[in-house]
Amino acid sequence: MSDTTLATGQAGATPPAVHFDAQLIAKMSQQGPRYTSYPTADRFRAGYGHAEYAAVVAGLGQQKARLPLSLYLHIPFCESLCYYCACNKIITKEHEKAAIYLGYLMREIDMQAALLGSGQRVEQLHLGGGTPTYLSDAQMAQLMAHLRSRFTFAGDDSGEYSIEIDPRTVDPERIRSLRRQGFNRVSLGVQDFDPEVQKAVNRIQPDALTLDAITAARDAGFRSISIDLIYGLPKQSLKTIGETLAKVVAASPDRISIYNYAHMPQLFKSQRLIVDADLPSDQDKLAMLGLCIERLTAAGYVYIGMDHFAKPDDELAVAQRSGQLHRNFQGYSTHADTDMVSCGVSAISAVGDSYCQNEKSLERYYAGLDAGHLPVARGIELTPDDVIRRDVIGRLMCDFSLSVCSVERSHGIEFDAYFASELARLREFERDGLLELSPSSLTVTPKGRLLVRNLCMVFDKYFGTPSDIPLQRMRYSKTI
C-alpha cells in the first residue's frame, strides 16, 4: 500500500483519484495549520473585544443584502475524560453546572440577537463540545426554543441543524427527541471499536451503543449521520483499525471523518495518561491512513479532503462537484454564504471580514456577560491581502484547484505578479508531482490531495513568523 491510486466518486463519473504515496507523504509531512480560517486563530490579537465586534456587525447593517447566519454553540461539559482529547472541555459529574452555563449561554444569545437585529435568518446550526448531550432533554428543548424566539430558522428541508453526540449519553428515545427538537444531522464520536484501544484512551464504548444510536437516528428521520474516527491511538494496529473500518462500512454512515491523533503531552495534560510505548510508529500510522483511504473508497465513499469522506450523493460531495464547498471552524460545509456567529466558552465567530474568539475559561466567560458585554477575548479584522489569501487557500482546500482568472476578477489583481514568490515555491512542489501549474489554473494532482495543507502554507504569509501565542507552532498537527 506504499504507492496506491484510489478512485473516488460515483459509478460512471471519472473525478481524479486520490493517490497515496507513503514515501512522499513521509518526506513532506510537517506541522501546519488546518485552515479552518485564514488568518489562523494564533494570529488573533488581544484587545479585540465587544466594541470592535459590535462595529463590524454595525457595518453589516449598512449592506443592502444581509447574509444568512450559521450558528455554533459550544457545550464544554463531559462526564469523563478521554485521554486523547485536546478540545476545550470541563470534566464534571455535577450537572447543575450545566444549568448555570445554559443561563449564561442564553444571555449571550440575547446579546448577539440584539446586535444582529431581530429575526435574522439561520440556515445552519451546530452544537459541539465537550458533549452537547450533557444537557438534559429539557435543557436542550429550552435552548432550542430560546434560539427560535430570537432568530428565524430556515425550513427543515433546507436548513442544516447538527449536533455532536456521545453514544454513551443517549438512548433511542433521546435521539428521537433531538429530532423533534429540530436537529436533522447527527455526528457520533466513535474513535475506535477495539476494546483495548478504548481502554487505553479511557473511552469504553461497546459496539451496541454506537450501532443502536445509528439505527435510532435513521429511524428518527435524521437526514445525515456522521461518524468520527481517530488513527494513531495507543494499542491501534492495522488489524484493529481494519476491523473498526469493517464495522463502520457495514453501519453505512453518510459521512466519515478520520482524524490523525496528535500526541502533544507537553501541551495537553490528559495526554500524559497515555503510555508512549503503546503508540504506533509513524510508519504504522501512515499504513493505517493508507488502509482507511483504501477501504472507504472501495466502499464507495468520496474523499472530500483533509479527514473527510462522504457518500457520492451526500450534500458535501454534491457541493464539491459543483464548486460550492466551503470550509469553516467546523470543517467542510455546504453553506458558504453565511456569517458564522458562535456562542459559548472559547467559541470563534467569523462575521464579515473579521474573526473573534470568546474567553476560554468559564470564569472569564461568565465575568464578561455579568459586566454586560459579549465575552470576546481576542480577534482580527482582515486586511485586503488577508481576504485574497483566504479566498485562494479556501478554494484549494475545497476544490483542489484554482482559477487564476477568477481570483484576478474577484480581487482586481494580476495573479502572477501578486504571487510571484509563491509561484516560484510552488514549482518545487510541481516537480514532486503534487500540482500542475498553467497560465490559467493551479490544479492539485491526485498525489497532492493528501498534502494540500502543504500547498496552502505557501500562500500563508504568517506561517513561520512569530505568533502572539507561545508555543503555537507546537499546537499544529502534522499535515499527514
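Here's a quick rundown of the structure. Treat the numbers as computed from the prediction; the structure is a model and nothing was measured. (Residues numbered from 1 in each chain as written. Predicted model: local features only at pLDDT ≥ 70, side-chain atom pairs only at ≥ 80, totals over all residues. Heavy atoms only, no water.)

Quick look at the overall build of the protein
For clarity, the cut-off: By the criteria applied, helices consist of DSSP H or I runs no shorter than four residues and strands consist of E runs no shorter than two, each listed in order from the N terminus. Radius of gyration means the value over C-alpha atoms here, while the globule rule gives 2.2 Å times the residue count to the 0.38 power. In what follows, a contact means two residues having at least one pair of non-hydrogen atoms within 4.5 Å. Note on areas: Shrake-Rupley, 1.4 Å probe, and residue coverage restricted to the protein chains presented here. Only four residue types enter the charge count: Lys and Arg as positive, Asp and Glu as negative, with His and the chain ends excluded. Throughout, a charge is located at the NZ atom of Lys, the CZ atom of Arg, the CG atom of Asp or the CD atom of Glu.
When you go through the protein residue by residue, the secondary structure sums to 17 helices and 23 strands. Taking 23 Å as the expected radius of gyration for a compact globule of 480 residues, we find that the protein reaches 22 Å, a close match to that expectation. Dimensions along the principal axes, computed over C-alpha positions, put the protein at roughly 55 × 55 × 45 Å. Long-range pairs, those at least 24 residues apart, make up 73% of the contacts in the protein between residues at least 6 apart in sequence. For the protein, the accessible surface area stands at approximately 19,500 Å², while carbon and sulfur atoms represent 52% of it. Averaging the locations of the 51 positively and 57 negatively charged side chains of the protein gives two centres separated by 2 Å.

Describing the nonpolar core
Note the threshold: Within this scheme, the nonpolar core is defined by two criteria: the residues are buried Ala, Val, Leu, Ile, Met, Phe, Trp, Tyr or Cys, and they are joined through side-chain atoms within 4.5 Å. Each residue gets one of three labels from its accessible area relative to the maximum for its type: buried under 20%, exposed over 50%, partly exposed in between, using a 1.4 Å probe on protein chains only.
Grouped together as the largest cluster of nonpolar side chains are 126 residues, with contacts concentrated most on Leu 125, Leu 143, Leu 147 and Phe 151. Here the element with the most residues in this core is helix α3 (residues 96-116); it accounts for 10 residues. If we skip the residues at most four places from it in the chain, Leu 147 touches Leu 71, Leu 73, Ile 109, Leu 125 and Phe 153.

Looking at the packing of aromatic side chains
Worth spelling out the cut-off: When two rings of Phe, Tyr or Trp (its six-membered ring) have centres within 6.5 Å they constitute a pair, described as stacked for plane angles under 30 degrees, edge-to-face for angles over 60, and tilted for the intermediate range. Note on criteria: charge over ring means Lys NZ or Arg CZ within 6 Å of the ring centre, with the direction from the centre no more than 35 degrees off the ring normal.
Applying the stated criterion to the full structure yields 14 aromatic pairs. Aromatic pair Phe 419 and Phe 459: ring centres 5.2 Å apart, planes at 85 degrees, arrangement edge-to-face. With Phe 419 in the loop between α14 (415-418) and α15 (420-431) and Phe 459 in the loop between α16 (452-458) and α17 (472-475), this residue pair connects regions lying 40 residues apart in the sequence. When its relative accessible area of 0% is taken as the criterion, Phe 419 is described as buried. Site record: aromatic cluster; members linked through ring pairs are Phe 77, Tyr 101, Tyr 104, Tyr 134, Tyr 365 and Tyr 366. Residue placement shows Arg 327 over the ring face of Tyr 332; its charged tip is 4.7 Å from the ring centre.

Considerations on the packing of helix α2 (residues 50-60) against α3
Threshold: Axes here refer to lines fitted to C-alpha atoms; in helices the fit is confined to the stretch in contact. Angles between the N-to-C directions go from 0 to 180 degrees. Working rule for angles: under 35 degrees goes down as roughly parallel, over 145 as roughly antiparallel, 65 to 115 as roughly perpendicular, anything else as oblique. Residue type decides the class: Asp, Glu, Lys and Arg count as charged, Ala, Val, Leu, Ile, Met, Phe, Trp, Tyr, Cys and Pro as nonpolar, and the leftover types, Gly among them, as polar.
Where α2 meets α3, the closest approach of the two axes is 9 Å, and the angle between their N-to-C directions is 40 degrees. When the axis of α2 is compared with that of α3, the two are oblique. Counting all contacts with α2, which are made through His 50, Tyr 53, Ala 54 and Val 57, the residues of α3 involved are Gln 112, Leu 115 and Leu 116. Of the residues contributing to the contact of α2 with α3, the split by class is five nonpolar, two polar and no charged.

Overview of the pattern of salt bridges
Pairing of side chains with opposite charge becomes possible as their charged atoms draw close. Where we set the bar: What counts as a salt bridge is simple: a side-chain nitrogen of Lys or Arg found within 4 Å of a carboxyl oxygen of Asp or Glu.
Taken as a whole and assessed by the stated rule, the structure comprises 28 salt bridges. Note that Arg 107 and Asp 370 form a salt bridge whose closest N and O atoms lie 3.3 Å from each other. Of the two residues, Arg 107 is situated in helix α3 and Asp 370 in helix α11 (residues 362-370); the sequence distance between them amounts to 263 residues. Arg 107 sits in the partly exposed class, given a relative accessible area of 33%. As a salt-bridge pair, Asp 166 and Arg 168 come within 2.8 Å of each other at their nearest N and O atoms. Judged by relative accessible area, which is 26%, Arg 168 ranks as partly exposed.

Thoughts on helix α12 (residues 384-399)
Selection criterion: A helix is expected to span 1.5 Å multiplied by its residue count minus one.
Compared with an ideal rise of 1.5 Å per residue, which puts 16 residues at 22 Å, α12 spans 22 Å between its outermost C-alpha atoms and is within 8% of the ideal. All of the buried residues in α12 are Asp 385, Asp 386, Val 387, Ile 388, Arg 389, Val 392, Ile 393, Leu 396, Met 397 and Cys 398. Just downstream of α12, Phe 400 is the residue with a positive phi angle, here 60 degrees.

Here we look at the environment of Tyr 101
By the element assignment, Tyr 101 lies in helix α3. Tyr 101 sits in the buried class, given a relative accessible area of 1%. Separated by 265 residues in the primary sequence, Tyr 101 and Tyr 366 have C-alpha atoms spaced 8.4 Å apart. What Tyr 101 contacts, discounting residues up to four positions off in sequence, is His 74, Ile 75, Pro 76, Phe 77, Gly 344, Val 345, Leu 362, Tyr 365 and Tyr 366.

Description of the packing of helix α5 (residues 172-180) against helix α7 (residues 207-220)
For clarity, the threshold we go by: Handedness of a helix crossing follows the sense of rotation of the near helix relative to the far helix, less than a right angle counterclockwise being left-handed and clockwise being right-handed.
For the pair α5 and α7, the least separation of the axes is 9 Å and the interaxial angle reads 40 degrees. Handedness of the crossing formed by α5 with α7: right-handed. On α7, the residues touching Pro 172, Ile 175, Arg 176 and Arg 179 of α5 are Ala 213, Ala 216, Ala 217 and Ala 220. Class assignment for the residues of the contact of α5 with α7 results in six nonpolar, no polar and two charged.

A look at the sheet that holds strand β23 (residues 441-444)
Basically, it comes down to this: Between any two strands, pairing holds if DSSP finds at least two bridges.
Spatially, the three strands line up as an open sheet ordered β21-β23-β22, and their pairing is antiparallel. Looking along the sheet, the strands with just one partner apiece sit at the ends: β21 (401-403) and β22 (435-437). Within this sheet the neighbouring strands show an average axis-to-axis angle of 10 degrees, counted without direction. Direction of pairing for β22 relative to β23: antiparallel, over a ladder of three bridges. Its bridge partner lying in β23, Glu 436 is registered against Thr 443. On top of the sheet, helix α13 (residues 404-411) reaches β21 and β23; it is set at about 55 degrees to β21, its chief contact.

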